[in-house]
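Structure at a glance
One letter stands for each residue in the lines below.
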Amino acid sequence: MAGVFVRIAELGAVFLFCLCDVSGVEPASTPNIIIMLMDDMGWGDLGILGQPEKETPHLDQMAAEGMLLMDFYTANPLCSPSRAALLTGRLPIRNGFYTTNDHARNGYTPQEIVGGIADSEVLVSELLAQAGYRNKIIGKWHLGHRPQYLPLRHGFHEWFGAPNCHFGPYDNKATPNIPVYNGSDMMGRYYEDFAISRASGESNLTQLYVREALDFIDRQAAAGRPFFLYWAPDATHGPLYASRGFLGTSRRGLYGDAVRELDDGVGRILSRLRDRGLDTNTLVFFTSDNGAAMVSRSKGGSNGPFLCGKQTTFEGGMREPAIAWWPSRIQPGQISHQLSTVMDLFSTALDLAVAVPPSDRVYDGTSLLPTLLNGTEVDRPVFYYRGDELMAVRYGLYKAHFWTWTNGEDERSKGIDFCRGEDVPGVTTMQQVNHTDSPLLFHLGRDPGERYSIKPKSSEYKQAMRKLEDLVAVHRAGLLPGEPQFNMCDSAVMNWAPAGCEKLGRCLKGPKSKPYKCPWPH
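- The name recorded for the chain in an unreviewed UniProt entry is N-acetylgalactosamine-6-sulfatase, from Branchiostoma lanceolatum.
- What UniProt records for the chain under Subunit (unreviewed entry) is the sentence "Homodimer."
- Annotation of the chain in UniProt includes, under Sequence similarities (unreviewed entry), the sentence "Belongs to the sulfatase family."

Laid out in structure tokens, this is it:
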């Protein structure tokens, strides 16, 4: 098959989309695409990656039948920015999912947030829809909860899930409970119509999300049309939950119960693809939005050998479990060390659909099809952002930190610790420390835990830093930050009266508008 290449260049930054079948085998029809995005699941939570309880048999089998990507990264160590990056193929600093209220602060989309995904951003769902795909999101959206930001306005045809995290329960006076949508209308609220027991952790939500996925697959199989399923369950994000059949079944506690149920759901979805004869024409990609939350201590996930977790730009906050599965196209039992990111899923999906993105902007992803289908590995950088600041960069096995910060001593004194007791002097700093004049350099092959920095006077340091600094210079030269979406908050924009509430007689009266700058403590 002849390849069609689209070249996108801006200020020295070039991104190449290969719109071709790189395996040399013609696909039977337009491939289906399923992205499974977990919430706060760590690199070390899978049995295949060393979790000692071995409680993820379906994910381990998925990896055995496909490719395990060992060096796969999110675009930000927090939920909303990482999801926006996946769907736009662009770093949060470009797509606006950051704040300038304070330096290097993580932001996201709580109920109070005024902003969300801008209409000027083009999501992969929009481009796939134009290419003839039927698109559905199941689970957590988190790109803004106001009407103009919701998924059916941005290329998805169907939605079952919620715009925000499942925090609560609230009193519906000072704060409304989060709505759950079916399509464009709410069908109820968490804790009222969709129970989550804060005492036992029991909730049937994951079962609902699995059933929705199976139903969607069945309907698309019957219709014979290509589909994009974005499956984003959130059971592993606090407050944790699992259904009755999984409660108490894990040696890891409630978090493990949630992981086991999600693993079972993955197995059921892959099995349904086989049953419907879709497995050989469907790429399924499994990963997580950010690292495990170390602040949860023994009630959260594992980041394996990596330092710290969610909220930080150390490896534990940014490196994710990642599995690609496509029987007959991806050879089984493969392990790849290709540096890759969630933004590559945007480019990979468009490659499969032979869809071309707008050429008026820079994309930070590249198609993974050469890696997935041919085992190709190429050198490329990975940039680690926290809010508006470039904190670190990786190229090859070298990673340089220009800034370090975990979280402040005031939070640590309250038990809020993003590194859960991992104190590396001069690295896991409680203040923002600028290392730009002499970056901290680590070799992630010899030292994946980022504990032993390379001496600045060594020839190894000087040689590696020359390359890393050149890459950063090119990146900065081509950087045009987007309008920050996380600067303003207002209690009046909370989920008081979501679409569909009037049909249920469930609209709530909110307060008058009083905009204020969002406080982001870390």
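1. Looking at the pattern of salt bridges
- Counted according to the given criterion, the structure contains 31 salt bridges.
- The residue Glu158 makes a salt bridge to Arg134 at a minimum N-O spacing of 3.2 Å. Here the residue Glu158 occupies a position in strand β7 (residues 158–162), and Arg134 occupies one in strand β6 (residues 134–140), the gap between them amounting to 24 residues.
- Judged by its relative accessible area of 25%, Arg134 is partly exposed.
- Note that Arg361 and Asp360 form a salt bridge whose closest N and O atoms lie 2.8 Å from each other.
- Given a relative accessible area of 14%, Arg361 falls into the buried group.

2. Some details on the packing of helix α1 (residues 57–65) against helix α6 (residues 254–275)
- In contact at an axis separation of 7 Å, α1 and α6 are set at 50° when each is read in the N-to-C sense. By the criterion of interaxial angle, the relationship of α1 to α6 is oblique. Contacts between α1 and α6 involve Pro57, His58, Leu59, Met62 and Glu65 from the former and Asp263, Asp264, Val266, Gly267, Leu270 and Arg274 from the latter.
- Taken together, the residues of the contact of α1 with α6 break down into five nonpolar, two polar and four charged.

3. Regarding the packing of aromatic side chains
- For the coordinates displayed, the defined rule picks out 15 aromatic pairs.
- Ring plane angle 15° and centroid distance 6.5 Å describe the contact between Phe228 and Tyr230, whose orientation is recorded as stacked. The same class applies to Phe228 and to Tyr230, which are both buried.
- A centroid spacing of 6.3 Å and a plane angle of 55° characterise the contact between Phe486 and Trp520, whose relative ring orientation is tilted. Here Phe486, found in the loop between α11 (459–477) and β22 (488–489), pairs with Trp520, found in the segment after β23 (516–517); they are 34 residues apart in sequence, far enough to count as distant.
- Classification of Phe486 by relative accessible area gives buried; the value is 0%.
- On the basis of relative accessible area, Trp520 is assigned to the buried category, the value being 11%.
- Grouping aromatic residues by their ring pairs yields a cluster made of Phe97, Tyr108, Phe486 and Trp520.
- Stacked on the ring of Trp326, the Lys or Arg Arg329 has its end atom at 4.7 Å from the ring centre.

The rules behind these values
Throughout, a residue's number is its position along its own chain's written sequence, starting from 1. In keeping with the predicted nature of the model, local features appear solely for residues at pLDDT of at least 70, side-chain atom pairs appear and are counted solely at 80 or more, and the whole-chain, interface and lining totals rest on all residues. Each side-chain value is derived from all of the structure's non-hydrogen atoms; neither hydrogens nor water enter the calculation. UniProt positions are given in the numbering used here, feature names are shortened, and annotations may be inferred rather than shown by experiment. Between Lys or Arg on one side and Asp or Glu on the other, a salt bridge is scored when a side-chain nitrogen of the former is within 4 Å of a carboxyl oxygen of the latter. Labels follow the DSSP assignment, with helices taken as runs of H or I lasting at least four residues and strands as runs of E lasting at least two, numbered in each case from the N terminus. Throughout this description, buried means an accessible area under 20% of the type-specific maximum (1.4 Å probe, protein chains only), exposed means over 50%, and partly exposed covers the range between. Here the axes come from fitting lines to C-alpha atoms, over the contacting stretch only for helices, and the angles between their N-to-C directions go from 0 to 180 degrees. Note on terminology: angles under 35 degrees are roughly parallel, angles over 145 are roughly antiparallel, angles of 65 to 115 are roughly perpendicular, and the others are oblique. Throughout, a residue-residue contact means that at least one pair of heavy atoms, one from each residue, lies within 4.5 Å. In this classification, the charged set is Asp, Glu, Lys and Arg, the nonpolar set is Ala, Val, Leu, Ile, Met, Phe, Trp, Tyr, Cys and Pro, and all remaining amino acids, among them Gly, are polar. Stacked, tilted and edge-to-face pairs are distinguished by plane angle, under 30 degrees for stacked and over 60 for edge-to-face with tilted covering the rest, among Phe, Tyr and Trp rings (Trp via its six-membered ring) whose centres lie within 6.5 Å. Think of it as a cone above the ring: NZ of Lys or CZ of Arg counts as a charge over the ring if it is within 6 Å of the ring centre and within 35 degrees of the ring normal.

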